[in-house]
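Residues per chain, in single letters:
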Amino acid sequence: MIDVTRMNGSVLSINNDLIETVEETPDTVITMSTGRKIIVKEGRQEVKKLVKLFKKELLSFNL
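Predicted model only: the values in this text are computed from it and were never measured. (Residues numbered from 1 in each chain as written. Predicted model: local features only at pLDDT ≥ 70, side-chain atom pairs only at ≥ 80, totals over all residues. Heavy atoms only, no water.)

**Details of unusual backbone geometry**
For residues that are not glycine, phi is negative in most cases, and the peptide bond is trans in most cases.
Thinking step 1. Of note, the amide linkage connecting threonine 25 to proline 26 takes the cis form, showing an omega dihedral of -15°.
Thinking step 2. By the secondary structure assignment, proline 26 is in the loop between β3 (19-24) and β4 (28-32). (Helix = DSSP H or I, 4+ residues; strand = E, 2+ residues; numbered from the N terminus.)

Here it is as structure tokens:
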């Protein structure tokens, strides 16, 4: 799971495996495979970086 910040400042942990799309319109909107949309403060590239970091951490546990 990755932590993202909603526009009101609250932090939310989301399952990165359920992310379908991330778009900047100009706010960053994360669309989940469930159809839920979450608007966050982080940019698209930051969300991408968080997902990569999380997956990298997962892989390091398997060694």
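What follows picks up the thread again.
**Brief notes about the sheet that holds β3**
Thinking step 1. Spatial strand order, β3-β4-β5: 3 strands in an open sheet with antiparallel pairing. Because the sheet does not close on itself, it has two edges, and the strands there are β3 and β5 (37-40). Taken pair by pair, the neighbouring strands of this sheet meet at an average axis angle of 20°, ignoring direction.
Thinking step 2. Where β3 meets β4, 5 bridges bridge the pair, whose relative direction is antiparallel. Across the sheet, glutamate 23 pairs through a bridge with valine 29, a residue of β4.
Thinking step 3. Taken strand by strand, helix α1 (residues 44-61) contacts β3, β4 and β5, and its axis lies near 150° from that of β3. (Pairing = 2+ DSSP bridges. Axes fitted to C-alpha atoms, helices over the stretch in contact; angles between N-to-C directions. Contact = heavy atoms within 4.5 Å.)

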